[in-house]
Amino acid sequence: QLLKQKAKSSNESLSTCQTYTKKKLPPAAGNGREVAAVNGNRSAEKAKPASKKDSGSAKGSPPLAKPKSKGVATDKNLNGTKNTGKSCKEKKKNGNILKEEGDIKHKRRKAEGLAEQQPTEAEIWFDDVDPKDIEAAIGPEAAKIARRNLGLETGQSKQSVEQVLVKEKASEGLTGAVAMDCEMVGVGPKGEDSIVARVSIVNQFGKCVYDKYVKPTEKVTDYRTAVSGIRPENINTGEDFKTVQKEVADILNGRILVGHALRNDLKVLFLDHPKKKIRDTQKYKPFRQRVKNARPSLKLLCERLLNVQVQTSEHCSV
């Protein structure tokens, strides 16, 4: 009997709930939570997803509103002139043309700006600056001018190199320090021994104070012209060795002697000089450390320390 009563009451509650839902709840405004609050049974909870599906949105907007708006947007897109296939192609074509025109104008402005910024040769001067750094910072034209001013151009004459190293209005007389270099030729069966062929001395400003060819004391078997620059006609009419030896000794007496590997120059002249008055660039430790070479050549030192190329072809003792 208790089970029959419970079943009967459940059926009555269900019928009441259905009647209430049909009469009282609006079709689009109802939700599952309100049904659950009114009835408080599982049948109302089952109505929850159905009522969510019918509502269409949290605010209870009509379910067809969203598709309708999409339809309107679609119609607008179809009717708009800017979104048609033909207009898209034209836009793309016009965009490419404008882009090309813009690139041409940009290149033209860039070229004009570079032309305006390009310095003249008179405006360029550098102190102890590597031409490679100048080329990276300013450009190849400035680097070319800098190399020309520094005597670094290929095939440059001796005179232009001297103009870089020697001041035009410097003193031409003897000074407390002088620099000496000798050119040599080969004697002996294979030309392995050396004798002096030319002696050059400059003062501390680089002005030449002595430069003479020396008549050979032995038969020359190798003129070493490619390196020494000496030819038979130069030394055949040269000064006597003894005369040159005495004149050089008088100049060096009491003065500081500067040179590169001076032991070789003094050896062919059969001269000696006080060690404390010798300044040999090959033995100077700071130079060797800077170029990272235990016995650096004169060519390497000139290139690294003076930014000047020497001995690119025949040597010149001056």
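Just so we're clear, the structure is a prediction, and the values are computed from it rather than from any experiment. (Residues numbered from 1 in each chain as written. Predicted model: local features only at pLDDT ≥ 70, side-chain atom pairs only at ≥ 80, totals over all residues. Heavy atoms only, no water.)

Some details on the overall build of the protein
Defined as follows: What counts as a helix is a DSSP run of H or I of at least four residues, what counts as a strand is a run of E of at least two, and both are numbered from the N terminus. Summary of the burial criterion: residues with accessible area below 20% of their type's maximum are buried, those above 50% are exposed, and those between are partly exposed, where the area comes from a 1.4 Å probe applied to protein chains only. Each accessible area value is a Shrake-Rupley result obtained with a 1.4 Å probe; residue values ignore everything except the protein chains displayed when judging cover.
Each helix and strand in the protein was counted, giving 14 helices and six strands. For the protein, buried positions account for 25% of its 318 residues. When the accessible surface of the protein is totalled, it reaches about 23000 Å², and 53% of it is carbon and sulfur.

Some points on the pattern of salt bridges
Short version of the rule: The term salt bridge refers to a pairing of a side-chain nitrogen on Lys or Arg with a carboxyl oxygen on Asp or Glu at a separation within 4 Å.
Tallied over the entire structure, the rule returns five salt bridges. A salt bridge links D211 to R198; the nearest nitrogen and oxygen atoms lie 2.9 Å apart. Taken together, the positions of D211 in strand 3 (residues 208-213) and R198 in strand 2 (residues 193-203) put the pair 13 residues apart, joining distant regions of the chain. It is possible to trace a salt-bridge network through shared partners that takes in K212, E239 and E247.

Regarding the packing of aromatic side chains
The geometry of an aromatic ring pair is captured by the separation of the ring centres together with the interplanar angle, meaning the angle of the planes. Using the following cut-off: Aromatic pairs are defined between Phe, Tyr and Trp rings, using the six-membered ring for Trp, whenever the two ring centres lie within 6.5 Å; interplanar angles under 30 degrees are classed as stacked, those over 60 as edge-to-face, and all others as tilted.
What the rule picks out here adds up to two aromatic pairs. Ring geometry for F241 versus F270: centroids 6.1 Å apart, planes at 90°, classification edge-to-face. Of this pair, F241 sits in helix 11 (residues 241-252) while F270 sits in the loop between helix 12 (262-269) and strand 6 (278-280); the two residues are 29 residues apart in sequence, bridging distant segments of the chain. Residue classification places F241 among the buried positions, given a relative accessible area of 12%. Looking at F270, the relative accessible area reads 66%, which means it is exposed. Note on Y284 and F287: the rings are 4.7 Å apart at their centroids and 80° apart in plane angle, and the pair reads as edge-to-face. Residue class for Y284 comes out partly exposed when judged on its relative accessible area of 43%.

A look at the confidence of the model for the protein
Using the following cut-off: One number per residue, pLDDT, summarises how confident the predictor is, and it ranges from 0 to 100. Contact criterion: two residues are considered in contact whenever any of their non-hydrogen atoms come within 4.5 Å of each other.
Looking at the protein as a whole, the pLDDT averages 74, with 55% of positions reaching at least 70. Low confidence marks residues 154-158, where pLDDT is under 50. Its contacts with residues over four positions away, or in another chain, come to four contacts.

Overview of the side chain of N203
Note the following rule: Two N or O atoms form a polar contact when they lie within 3.5 Å of each other; inside protein one atom must be a possible hydrogen donor and the other a possible acceptor, and for residues adjacent in sequence the pair counts only when both atoms belong to side chains.
You can see N203 is positioned in strand 2. Accessibility expressed as a relative area gives 3% for N203, which makes it buried. In terms of polar contacts, N203 uses its side chain to reach the backbone carbonyl oxygen of G173, at 2.8 Å. Within the structure, N203 has its side chain in polar contact with the backbone nitrogen of F205 (distance 3.0 Å). If sequence neighbours within four positions are ignored, N203 has contacts with S171, E172, G173, T175, A177, V178 and V209.

A few points about a positive patch on the surface
This is how it is decided: Nonpolar side chains (Val, Leu, Ile, Met, Phe, Trp, Tyr) are joined into patches within 5 Å and like charges within 9 Å, using only residues with over 30% relative accessible area and no salt bridge. For the purpose of charge, His is not counted, nor are the chain termini; Lys and Arg are scored as positive and Asp and Glu as negative. Every charge is mapped to an atom, namely NZ of Lys, CZ of Arg, CG of Asp or CD of Glu.
Side chains of R263, K275, K283 and R295 sit close together on the surface and give a patch of like positive charge. Here K283 is to be found in the loop between strand 6 and helix 13 (285-291).

Description of the environment of C208
As for its placement among the helices and strands, C208 is situated in strand 3. Apart from residues lying up to four places away in sequence, C208 is in contact with I201, V202 and V318.

What to know about the nonpolar core
Selection rule: Throughout, nonpolar core names a set of buried Ala, Val, Leu, Ile, Met, Phe, Trp, Tyr and Cys residues whose side chains join them through atoms within 4.5 Å.
Ranked by size, the top nonpolar core spans 19 residues in total, and within it M180, V196, V199, I201 and V248 carry the most contacts. Those elements that provide at least two residues to this core are strand 1 (177-187), strand 2, helix 11 and helix 12. At five residues, helix 11 tops the list of elements feeding residues into this core. Ignoring any residue separated from it by four or fewer positions in sequence, one finds V199 in contact with M180, D181, C182, Y210, D211, K212, V214, V244, V248 and L269.

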